Structure formats: structure tokens, C-alpha cells
Amino acid sequence: MKKMISVKRIISAICAVGMLAAVSAGFAGVSAEETQTSYVLTNNRLEMLHPGISNFDIGLSYEIFSDGSNGGGQAGNIINNDSGFTKLTDGNYSKNANNATNGGWLSDDKNWIIADPKTGIYITGAEFYATNAKNVDILYSTDGTTYISLGAVQEKSDAYDGATSYSVSCEPTKARYIKFYSERDAGNEIITEFVVKGYMPDNSKLLTNNDFYTFEPSMQRLNTGLTYKIESKQYGEGEQGGNIVKNDLNCTKLTDGIPSGNDSTYMAMGGWQTDDDVTVTADAKTNVYITGADFYASGAKDVKISYSLDGLNYTALATPTVTEPSDGPKTFSVSCLLKLARYIKFESHRDGDQMNIYEIAVKGYPAEFSFGGTKFDSTAKTFDGFLVNKPDTDTVTPEVITAVYDKAGRLVAAKNSNVSVAANSSATYSASFGDTDIESGYSIKSFAWTNLSEIKPLAQMTEYTVE
């Protein structure tokens, strides 16, 4: 809802920091996070455990069980010492420290821990720390009843101050529960720590904003203002050796949610290419964590999907999985762990007389609170944009200032609005200007502040140049 705040007050706020441009130049707030293959989801204290990996507290809890062979119940002091179920994820896994602080002992022959992340996750690895243990297995379940082993467990003696580690790494595996099973080897089994690594799949949204009424209907969309361009090896950008650009001048048809290959009006959905090599490069307009991408085409082969932060240096994702339905184009799909990117590139090669490209899709979520795309209506003199918020955060309610500068960099006009941006969502803002406020060559800048008194930047400024 727009607040009735005078232009004079806005300009006073601007002057308080010199100029809006000065705020932008001195911005030291949100910066791109380093790319992480996965998070520690058990919230272990990282100064003692895995200092190089980020921690993501998802509220995971656990319980400890035993077979009752030598005493019944949990047989030992581990429950008494860990009634709050926190000591096995506190980052302290030394067997030589006081085990009543770090974990506890079990006298039963067979023992297991059930960890509950409280939601579905993708597991990429897990670790179990104990002494006097054998036959350790780490398993996962989607329903809490049927468990499947994650794979061969690697054992490392004296991994930390006498404790033995049992670890497993795996391809991203969807799970709700993780079981750490072990058997007593000699004496009392002492369990001191366990770790779950992975990421949250439920945060992923369609960043391409496809109108997915024909496919992926259950996945939510998040508008980051993503755009794309099409290039071909023979003709270059703008001369694509076919009708795809003529039919898609506004670069919208490859994200409209219509990937059908048999519809006679396919020219309205994408277009054809006679070139041997075609590249579609998507720009998310802000840094995002991508978790997957899809490319829909017929007459295509050797599709490669890669990502980049700067638009120059690209890293390839895994080889796409190809699906070829009887009533549509091939789908080239790839899923990945969290990859920090702004640009996603789809490279394809013609297989036959011509290549038909119908759709691209990018999945993921924002890496930071930031501005997304913008749009200026030169006739109505209105400027529209939106902000996107990352998932692991609270709702943000910034004061958005939209300011117009002339060619000399002088402030001409400024408007303010207040928006509310929930976690892993986007929210729009709008500013209307008079006919004399904006001319060709002027720039429009948007800023997100805490308020007009504190003037603390919440996102990197975005700028649009009027043509």
C-alpha cells in the first residue's frame, strides 16, 4: 500500500546520505553467497565440525532406540544425558571428552537413531560418530516405515580425538527420515554425534515464470524478471536462421508453458532453426540458487545446460536426462544441488533437417533479497518492478524509492511505496511520473530501504535507462 509521504521528505532522506547514487556506491549489505553443494541440516556447531560448509537449521529432531537385549528401553545413560535431544548434533564428537556431555553409552546389542527433518529433503550425505560400534548402516525413508540403505559406509578410526566416523555420500536422495543403525562391539557403545547433509527441495520454484497449465502444474512460480536471448553459430544473435526470433521478438514464447510438438501452430510456441548449433541464454536478473532446468525441443541432440554468475564463465551441469513422449517434443532435464548463478545457458545441436525449440524452464529459488525485473511504459510514464526474497528468512517490508535522474545525474523526481515480500516470494511495486519528468537518456533507479528515517539498504540498487 502506498504511503502519503511528501516528495520533500523523500528528498530530505536522499540528502541525508548525499545522493541516492551514494547509497548505491556504498552498499555493503546483501552479497552473493558462496556456492555450496549442500548444507549441514542437523545444525551442528561448525567451529568443531565441517567449518567449510554452511549450516541450515531446519528444526531437525531425533530419537534414540535399542532392542532391549541387555536392559530394555534405551539401556544406558544416553537418554538421561540427552533428554532434550541436542547433544548428538552439537558439533562435539570426541570420545575422550565427558560422554555425558557429548552423547552417552548404550549397553544393548542393537541401537539406532531416527532423525526427522520435519519436511522432505534431498540427502547428499550423512555421518555417524561412535566408539565400540560395528555393522553401522545409514538408511533413509519417505514414510518412516520402510528404510533403504544410502550405500556403503566408510569407516575412519580416530577421526577426531578418538572417535570413529562412519560416513556415506550419495546422489541427491529424497527422504523424510534418516536412520543411523549400529551394533555394540565390545563393552558399552558410546555415541557422540551424527550429521545429515543435503538441501531443501521444497524451496524450488519455477524461475522462468512459465504458465505451466500443461505441465508441472503443482510447482509454484517466482517471477525474477528472467529474460533470454537466442543465438546460432551460423548467423549470430538477431539472425537465427529460421523463424524463431520473428515469432518471438519479445522473448516470451519459450517460457509460456506450451511445449507441444504436434500442434500445427507450433510457430506461435517457439520456432525452428536450420543452423547446426543454437544457444538460448537465460538471465534471471538476480543471483539465484538453481536446482534444475528443462529444455523442450524436437530435432535436437547433445543438449548441454550450464550456469554462470558473470555471463562469461560457465560451468556445465550433469548430462541431461532425455524423455521422448509419443505426443510431444523431447525433454532434456537436469537436476542439481544448489548452484549459485545468474545466467543459465541451453546449448543444442540440430539432429535432422531442422530443430524446433518450444520451451525452457529454470527451477530454484533466490539467493538473496534483491530486485528482480523492471518494466517502463513510455506512454503512461509508469515504472514497474518487483522484489524477490530468499526462502530461509522472514517477511521483509522495505520502503521502495524510485527516483528519476537526468543525463547529468541530477535528481528530477522521486516516488515511494511500501511493499511486503514473504519468504521465497516476490512482490511488485509501481511508480507513476509526469510527462515532463522523464526523457530519453534519463535513468530510473530503485532502492529498498528499511524506512525513510533509518535509510538502511536492504538490497542492491537496480537501474533502468530510458531509451
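Cut-off values and rules
Residues numbered from 1 in each chain as written. Predicted model: local features only at pLDDT ≥ 70, side-chain atom pairs only at ≥ 80, totals over all residues. Heavy atoms only, no water. Pairing = 2+ DSSP bridges. Helix = DSSP H or I, 4+ residues; strand = E, 2+ residues; numbered from the N terminus. Axes fitted to C-alpha atoms, helices over the stretch in contact; angles between N-to-C directions. Phe/Tyr/Trp six-rings, centres within 6.5 Å; stacked < 30°, edge-to-face > 60°. Buried < 20%, exposed > 50% of the residue type's maximum accessible area, 1.4 Å probe, protein only. Salt bridge = Lys/Arg side-chain N within 4 Å of Asp/Glu carboxyl O. Polar contact = N/O pair within 3.5 Å; in protein donor to acceptor, adjacent residues only side chain to side chain. Core = buried A, V, L, I, M, F, W, Y, C linked by side-chain atoms within 4.5 Å. Contact = heavy atoms within 4.5 Å.

Student: Quick rundown of the sheet that holds strand β22 (residues 382-388)? Include the residues and the values.
Tutor: Spatial ordering of the open sheet is given by β21-β22-β25, a layout of three strands whose pairing is antiparallel. Two strands bound the open sheet, and with one partner strand each, they are β21 (370-377) and β25 (426-432). When the angles between neighbouring strand axes are averaged without regard to direction, this sheet yields 20°. Note: β22 against β25, seven bridges, orientation antiparallel. Residue pairing in the sheet places F383 in a bridge with A431 of β25.

Student: So what's going on with the sheet that holds strand β2 (residues 61-66)? Which residues, and what values?
Tutor: One key point about sheets: their strands pair by backbone hydrogen bonds, in either a parallel or an antiparallel sense. If you walk across this open sheet you meet the five strands as β2-β4-β10-β6-β7, and the pairing is antiparallel. Since the sheet does not close on itself, it has two edges, and those belong to β2 and β7 (148-149), each with one partner.

Student: Residues and numbers for the packing of aromatic side chains, please.
Tutor: Overall, the coordinates contain twelve aromatic pairs when judged by the stated rule. Plain terms: the ring middles of F128 and F180 are 6.1 Å apart, the flat faces sit at 20° to each other, and that makes the pair stacked. Of the two residues, F128 sits in strand β5 (residues 121-131) while F180 sits in strand β10 (residues 177-184), which places them 52 residues apart along the sequence. Judged by relative accessible area, which is 1%, F128 ranks as buried. Its relative accessible area of 1% is what places F180 among the buried residues.

Student: Could you give me a rundown of the pattern of salt bridges, with the residues and numbers involved?
Tutor: Scanning all chains against the criterion turns up seven salt bridges. For D109, the salt bridge goes to R184, with nearest N and O atoms at 2.7 Å. Here the residue D109 occupies a position in the loop between β3 (104-106) and β4 (110-116), and R184 occupies one in strand β10, the gap between them amounting to 75 residues. The partly exposed category is assigned to D109, whose relative accessible area is 31%. Here D406 ties to R410 by a salt bridge, and the two come within 2.9 Å at their closest N and O atoms. Judged by relative accessible area, which is 55%, R410 ranks as exposed.

Student: Outline the pairing of β2, supporting the account with residue identities and numerical values.
Tutor: Residues Y62, I64 and S66 point to one face of β2 and are all buried, whereas S61, E63 and F65, pointing to the other face, are not buried. Of the strand pairs in this sheet, β2 and β4 are connected by six bridges, and their pairing is antiparallel. The residue of β4 that forms the bridge with S61 is D116.

Student: Which residues make up the environment of N356, and what are the values?
Tutor: Within the element layout of this structure, N356 appears in strand β20 (residues 355-366). In this structure N356 comes out as buried when scored by relative accessible area, which is 11%. For the pair N356 and G299, spaced 57 residues apart in the sequence, the C-alpha separation amounts to 6.2 Å. There is a polar contact of 3.1 Å between the side chain of N356 and the side chain of Y358.

Student: Give a detailed account of the pairing of strand β15 (residues 277-298), specifying residues and quantitative values.
Tutor: In terms of burial, β15 is a largely internal element, 20 of the 22 residues being buried. Sheet topology note: the β15/β20 ladder contains ten bridges and is antiparallel. Paired with A297 across the bridge in β20 is I357.

Student: Give a detailed account of the nonpolar core, specifying residues and quantitative values.
Tutor: I290, F295, I305, F346 and I360 are the most contacted members of the largest nonpolar core, which has 32 residues in total. At the level of elements, β13 (227-232), β15, β16 (300-308), β19 (330-350), β20 and β22 are the ones that each hand at least two residues to this core. Examining the composition of this core, we find that nine residues originate from one element, β15, more than from any other. Apart from residues no more than four positions distant in its own chain, I360 is found in contact with T208, N210, Y228, L254, T255, V280, A282, D294, F295 and F346. Residues Y166, V168, F194 and V196 belong to the second largest nonpolar core, which totals 26 residues.

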